[in-house]
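Structural overview for review
If you want the building blocks of each chain, they are given just below.
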Protein chains: 2
Amino acid sequence: MRRDLSDAPFLLAARGRQPSRLPVWFMRQAGRSLPEYRRLRTGVDMLSACFDADLLTEITLQPVRRHGVDAAILFSDIVVPLRAAGVDVEISSGVGPVVRSPVRTASDVDQLPELHTEQVDAVAGGVRALVGELGGTPLIGFAGAPFTLASYLVEGGPSKNHERTKALMHAEPELWHRLMDRLATMAVTFLRAQLAAGADAVQLFDSWAGALSERDYRRFVLPHSSKVFAGIADAGVPGIHFGVGTGELLPAMREAGADVVGVDWRVPLDEAARRMSAGGRDAPVVQGNLDPALLLASWPVVEDEVHRIVEEGRAAAGHVFNLGHGVLPDADPTVLTRIVELVHGLRPGPTGR
Amino acid sequence: MRRDLSDAPFLLAARGRQPSRLPVWFMRQAGRSLPEYRRLRTGVDMLSACFDADLLTEITLQPVRRHGVDAAILFSDIVVPLRAAGVDVEISSGVGPVVRSPVRTASDVDQLPELHTEQVDAVAGGVRALVGELGGTPLIGFAGAPFTLASYLVEGGPSKNHERTKALMHAEPELWHRLMDRLATMAVTFLRAQLAAGADAVQLFDSWAGALSERDYRRFVLPHSSKVFAGIADAGVPGIHFGVGTGELLPAMREAGADVVGVDWRVPLDEAARRMSAGGRDAPVVQGNLDPALLLASWPVVEDEVHRIVEEGRAAAGHVFNLGHGVLPDADPTVLTRIVELVHGLRPGPTGR
């Protein structure tokens, strides 16, 4: 049973309602920017940490304690459901996920295992512990979107150009859609396990979607990301949809069923809101969008940017302050704490709904 | 003295005039996709090849002979003028350019050497040989734009997030502008050497500009890229301006003084033309924009994409067919040749001017 957090600023803003303060959290807030995280991870590989209920609970809590952010984000990795289902994938240091047997043929796709809920029991256990510990702070669940999972599977690892993935979608569209349908089902199973354990919201993270034109996104990706949002709609929690470099895709990513669309630093939030409300649609709720690289600049630079972004966010129906991508490992965590204090001191915008 | 190529389809299209056929060339057409290139490069490192007049001439000619493209692009590398001026930079295999002493302080910037024309005599010699060999095919000169050079210098090598570069521009804008001014001067010197030797057009390649918001691009980059175009304007040759992921920047990149704006595959050419002619400006000439990843798909996929792109290009004042980024090393060169034949069989669009 889910906690009643109806006054939580993050959840109010995500639903386009008026929060008592402007909510803020940071993508990758749980991670390498924190010395207490680096200590916990010493000698523990990434995927082991993601499947250890105690460890993922503690890692998820660290930035909430330190920064006073308005939401916790489940510490996980995009490939966790693949690994849980039995796919041979490792996270190689300095490289990223490496899939031993890339998925490229009909037989590869048919042999891709399904994810069963009990295979992510450790994650669900972490979520249950977290909702017990978090008090009034909402917990955002997390899953990688089907396209990003597909790219790792087809390429066999991180890819700059996604050429095998794009060639497959165009040359064998039926096979592509079969693969994507399986991955959408997997994401739904993973998210439903988190929701059943008490997660208060979800973020569907499509890291690589920005590599696609809107045309290809709508044809090859949108139906499957829509299936993910539809598959969790009965939980009634806000869904966030984010990818980097997605200026051309924002309306389509909203149409997938997202309540909140994350925007990177390339598109100002007022322009993002304009694009997503074109054609007479309701103003959207946006999340973003401080360039994480600027955390390495001086405080007056950060302060000016935060003020500008909050002003631009007032054009939307709601604004969840965040970075435009994940916290970089070299970021100074004290700057993140100052940003939280600054954002909390600013007046939340009027809702547009 | 420059050749008179007033009927060359590439030059006519680049000037917004009606060519006899739709011109086509490919970014990175001279390079690893060609077995004859890989043979020539055996045992020769990249920068040595760029400073060997005979070798760069032959490498530049290879794709013209093989594919029958409408323009040659000078075989070079973005860091060639830096290396020529005396900066300690190597191209490390599988990594990219590595700068031994990154440029981050006022003293680093002041010690950055100037480029003197005679330091690129080998390149100029190659250009002279090329214009003798190329017959009626125009030669496009090449330089990296100041921002991309600055990123390599500040980061010390290729960077995913450009965090030190962005931190420097925001935190120390005066120092940033001094660095960029020096790099713009260097690009002008390099391009003027190529133009004096007979190049018929130039492409200013800003690989990483797409990492910036339009706001930051206009403040920190546009004045310097404008200086490059202004510094070669008296040559009267068409200037192409390209970066990847620049959907938000297209109007600004045109304003820098470009005659032709290259567009990647994320933005359809008709939409790109619309963005650049907003506010009552003339329709632009565009270059692009087949996704290079699709060269790995089957021919019918490529054929459909080429037809679509040529149709969309008719919305512009001129269209130079190209990829939306460079040829990938795994691309099959016979597909490139077929694309040239296909494009040449299609009706060039009416000019919008």
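It should be emphasised that the depicted structure is a prediction, and the values quoted were computed from it without experimental measurement.

Attention now goes to the interface of chain A and chain B. At the interface, 29 residues of chain A touch 29 residues of chain B. Around 2600 Å² of area is buried between chain A and chain B when both sides are counted, 56% of it from carbon and sulfur atoms. The closest approach of N and O atoms between K166(A) and D291(B), which form a salt bridge, is 2.7 Å. Counting the contacts that link chain A with chain B gives eight residue pairs in polar contact (both at pLDDT 80 or more). When the residues that make up the side of chain A that touches chain B are grouped by side-chain class, the tally is twelve nonpolar, seven polar and ten charged.

Once chain A has been moved 0.0 Å along the axis and rotated by 180°, it coincides with chain B to within an RMSD of 0.0 Å. Read as a symmetry element, the transformation amounts to a two-fold axis. Interface residue correspondence from chain A to chain B reaches 100%, placing this contact among same-surface, isologous pairings.

Next up on the list: the side chain of H67(A). Residue and element names in this part refer to chain A. Mapping H67 onto the fold places it in helix α4 (residues 53-67). Among the residues examined, H67 registers a relative accessible area of 4% and is labelled buried. A polar contact is formed between the side chain of H67 and the side chain of T337, at a distance of 2.8 Å. Setting aside its immediate chain neighbours within four residues, H67 contacts L34, P333, L336, T337 and V340.

Residue and element names in this part refer to chain A. Considering the arrangement of structural elements, one finds L290 in strand β8 (residues 285-290). On the basis of relative accessibility, which here comes to 0%, the residue L290 falls in the buried class. Linking L290 and Y152, residues 138 residues apart in sequence, is a C-alpha distance of 27 Å. When near neighbours in sequence (up to four residues on either side) are disregarded, L290 contacts W265, L295, V302, E305, I309, F321, N322, L323, G324 and I339.

Residues and elements named next belong to chain A. As recorded in UniProt, the feature "binding site: substrate" (unreviewed entry) lies at R28, Q29, A30, G31, R32, D77, Y152, S207 and H325. In summary, the annotated positions, distributed over 298 residues, remain apart in three dimensions as well, the widest C-alpha pair reaching 23.5 Å. Given the relative accessible area of 0%, Q29 is considered buried. Those residues in contact with Q29, other than ones at most four positions away along the chain, are L34, P63, V69, A71, A72, I73 and V327. Take Y152: it is sitting in helix α8 (residues 146-155). For Y152, a relative accessible area of 8% translates into the label buried. Residues in contact with Y152, not counting those within four places in the same chain, are I78, P97, V99, G157, P158 and W208.

Opposite charge on two side chains allows them to pair when their charged atoms are near. The final tally for this structure, using the stated rule, is 40 salt bridges over all chains. Residue R218(A) pairs with E255(A) through a salt bridge whose shortest N-O separation is 2.8 Å. Residue R218(A) is located in helix α11 (residues 214-220), and its partner E255(A) is located in helix α13 (residues 250-255); the two are separated by 37 residues in the primary sequence. Given a relative accessible area of 29%, R218(A) falls into the partly exposed group. Residue E255(A) is classed as partly exposed on the basis of its relative accessible area, which comes to 41%. For E214(B), the salt bridge goes to R218(B), with nearest N and O atoms at 2.9 Å.

Time to look at helix α7 (residues 121-133) of chain A. Residue and element names in this part refer to chain A. Between its first and last C-alpha atoms α7 spans 18 Å; for 13 residues at 1.5 Å apiece the expected length is 18 Å, and the two agree. Here α7 has its buried residues at V123, A124, G125, G126, V127, L130 and V131. Structurally, α7 contributes buried residues whose contacts are with α3 (46-50), α4, α5 (80-85), β4 (139-144) and α10 (173-196). At the exit of α7 stands G135, carrying a positive phi of roughly 60°.

So, about the sheet that holds strand β4 (residues 139-144) of chain B. Residues and elements named next belong to chain B. Taken together, seven strands build an open sheet; the order of strands is β1-β4-β5-β6-β7-β8-β9 and the sheet is parallel. Only two strands of the sheet have a single partner each, and these edge strands are β1 (72-73) and β9 (318-323). Seen against the sheet, helix α12 (residues 222-231) touches β5 (201-205) and β6 (239-242) and runs at an angle of roughly 160° to β6.

Conventions and cut-offs
Residues numbered from 1 in each chain as written. Chains lettered and ligands numbered in written order. Predicted model: local features only at pLDDT ≥ 70, side-chain atom pairs only at ≥ 80, totals over all residues. Heavy atoms only, no water. Contact = heavy atoms within 4.5 Å. Buried area = accessible area lost by both parts, 1.4 Å probe. Salt bridge = Lys/Arg side-chain N within 4 Å of Asp/Glu carboxyl O. Polar contact = N/O pair within 3.5 Å; in protein donor to acceptor, adjacent residues only side chain to side chain. Nonpolar A, V, L, I, M, F, W, Y, C, P; charged D, E, K, R; others polar. Least-squares fit on C-alpha atoms with pLDDT ≥ 70 in both. Helix = DSSP H or I, 4+ residues; strand = E, 2+ residues; numbered from the N terminus. Buried < 20%, exposed > 50% of the residue type's maximum accessible area, 1.4 Å probe, protein only. UniProt positions renumbered as here; feature names shortened; annotations may be inferred. Expected span 1.5 Å × (residues − 1). Pairing = 2+ DSSP bridges. Axes fitted to C-alpha atoms, helices over the stretch in contact; angles between N-to-C directions.

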